[in-house]
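Residue strings, one per chain:
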Amino acid sequence: MRLAFMGSPDFAVPALRALHAAGHEVAAVYCQPPKPAGRGQRETPCPVHRAALELGLSVRTPARVKRDAAEHAGFAALDLDVAVVAAYGLILPPAMLEAPRRGCLNIHASLLPRWRGAAPIHAAILHGDAETGITIMRMEEGLDTGPMLRREALPLTPRSTTPEVHDALAEMGARLILRALDENPPATPQPEAGVTYAPKLTKADGALDFTQPATALDARIRAMNPWPGAFFTHGGEALRVLAAEPAEGNGPPGTILHGFTVACGTGALRLTRLQRPGRAPLDADSFLRGYNLPPGTKLGA
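In what follows, the accompanying structure is described. (Residues numbered from 1 in each chain as written. Predicted model: local features only at pLDDT ≥ 70, side-chain atom pairs only at ≥ 80, totals over all residues. Heavy atoms only, no water.)

**Some remarks on the environment of asparagine 225**
Among the structural elements, asparagine 225 can be located in the loop between α7 (214-224) and β12 (230-234). Classification of asparagine 225 as buried rests on a relative accessible area of 10%. Taking C-alpha positions, asparagine 225 is 27 Å from methionine 137, a pair spaced 88 residues apart along the chain. In contact with asparagine 225, other than residues within four places in its own chain, are Thr162, Pro163, Ala230, Arg240, Val241 and Leu242. Within the local environment of asparagine 225, its side chain forms a polar contact with the backbone oxygen of isoleucine 221, the two atoms lying 3.2 Å apart. Looking at asparagine 225, its side chain comes within polar contact range of the main-chain oxygen of leucine 242, at 3.2 Å. (Helix = DSSP H or I, 4+ residues; strand = E, 2+ residues; numbered from the N terminus. Buried < 20%, exposed > 50% of the residue type's maximum accessible area, 1.4 Å probe, protein only. Contact = heavy atoms within 4.5 Å. Polar contact = N/O pair within 3.5 Å; in protein donor to acceptor, adjacent residues only side chain to side chain.)

Here's what the structure looks like:
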């Protein structure tokens, strides 16, 4: 098929590579414009941009498309059978959604209608879902409301992390979009029941409140790493928590019980890997050798 691919982050790269390897004609790749990154703030292309250049594909990086008639015309002029969208980052207007003959198909990282929106993987882990998955959906104007073509589940465990689930779903999405294009299955409307939303994350979503249950904090740490990152403040520093696990113990919330086991609203949490600002990540024992937190210390002070 003649198609356009629209995506930006690492999640979208396996799908782009799979479509190219399967012999589909990728007429253009749309992705976010290069952004300043690193200490030198050099303009850096996104992962999809880099992959497209490696594959020798034409890349377009409009800063906006919603109200740009020239972009709409340029997209229509590609004369596409279909467009494949995976975490592109820009809202497509009706003029673009309707231009390809088979419409625009989205690779969404949840079992719709659960977790429509920007951060479905984080939300599934944060809320303790037993499973998540991929939905291949024909896009319409609403937020992730379109009819479904393919859907496959991925079990979650009590130790699942965002990076692990992200990588598994990226590969699943690449496989399912090939099936959807090859088989052209009938579209099924999403159920009206069970709709939930996963809004875009902010830095504040990583803040740990030790008055919450240990199990909830454990889920937040697994969901929010690597970004926005789980953290608590102590001694004027924001200390990142990279890994933790529920533990036995109780006491005033936020109090160090022993080692780096912290009392929570219910139960306790053993912090196992941490990082100070500008420093390397350390296991808890190594961290405590350079940061004095004796039992009885109240975190946040």
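**Things to note about the state of the cysteines**
With the rule as written, the count across this model stands at 0 disulfides. Here cysteine 31 stays unpaired: no disulfide links it, and the sulfur of cysteine 46, its closest cysteine neighbor, is 3.8 Å away. Judged by its relative accessible area of 0%, cysteine 31 falls in the buried class. A relative accessible area of 11% means that cysteine 46 is categorised as buried. (Disulfide = S-S within 2.5 Å.)

**Side note on the pattern of salt bridges**
Summed over all chains, the structure comprises 12 salt bridges. Note that arginine 17 is salt-bridged to glutamate 54, the shortest N-O span being 3.1 Å. Taken together, the residues span a long stretch of sequence, with arginine 17 in helix α1 (residues 13-21) and glutamate 54 in helix α2 (residues 47-54) at a distance of 37 residues. The exposure class assigned to arginine 17 is partly exposed, which follows from its relative accessible area of 32%. Taking the shortest distance from any N to any O, the salt bridge between aspartate 79 and arginine 101 comes out at 2.7 Å. Of the two residues, aspartate 79 is situated in the loop between α3 (69-76) and β6 (82-86) and arginine 101 in the loop between α4 (94-97) and β7 (104-108); the sequence distance between them amounts to 22 residues. (Salt bridge = Lys/Arg side-chain N within 4 Å of Asp/Glu carboxyl O.)

**Quick look at the environment of alanine 244**
Relative to the elements of secondary structure, alanine 244 occurs in strand β13 (residues 237-247). A relative accessible area of 8% means that alanine 244 is categorised as buried.

**Some thoughts on the packing of aromatic side chains**
Tallied over the entire structure, the rule returns 4 aromatic pairs. Measuring from ring centre to ring centre gives 5.7 Å for phenylalanine 210 and phenylalanine 232, while their planes differ by 65 degrees; the resulting arrangement is edge-to-face. Linking phenylalanine 210 in the loop between β11 (197-198) and α7 with phenylalanine 232 in strand β12, this pair joins segments that are 22 residues apart in sequence. We note that phenylalanine 210, like phenylalanine 232, is buried. Connected via pairs of aromatic rings, a cluster forms that spans Phe260, Phe287 and Tyr291. (Phe/Tyr/Trp six-rings, centres within 6.5 Å; stacked < 30°, edge-to-face > 60°.)

**Overview of α7**
Most of α7 is tucked away: 9 of the 11 residues are buried. Within the span of α7, buried status applies to Ala214, Leu217, Asp218, Ala219, Arg220, Ile221, Arg222, Ala223 and Met224. In this structure, the buried residues of α7 make contact with α5 (120-126), α6 (162-183), β12, β13 and β16 (268-275).

**A look at the sheet that holds β7**
Across the sheet, 7 strands lie side by side as β5-β2-β1-β6-β7-β9-β10; this open sheet has mixed pairing. Every interior strand has two partners, whereas the edge strands, β5 (59-60) and β10 (148-155), have only one. As defined by bridge partners, strand β1 (residues 2-7) adjoins strand β2 (residues 25-30) across 5 bridges and the pair is classed as parallel. When the bridges of β2 are listed, leucine 3 appears paired with valine 26. Along the sheet, α3 contacts β1, β2, β5 and β6; its crossing angle with β2, the most-contacted strand, is approximately 165 degrees. (Pairing = 2+ DSSP bridges. Axes fitted to C-alpha atoms, helices over the stretch in contact; angles between N-to-C directions.)

**Remarks on the side chain of histidine 72**
By the secondary structure assignment, histidine 72 is in helix α3. Judged by its relative accessible area of 15%, histidine 72 is buried. Contact partners of histidine 72, with chain neighbours within four places excluded, come to Val65, Lys66, Arg67, Pro93, Ala95 and Met96.

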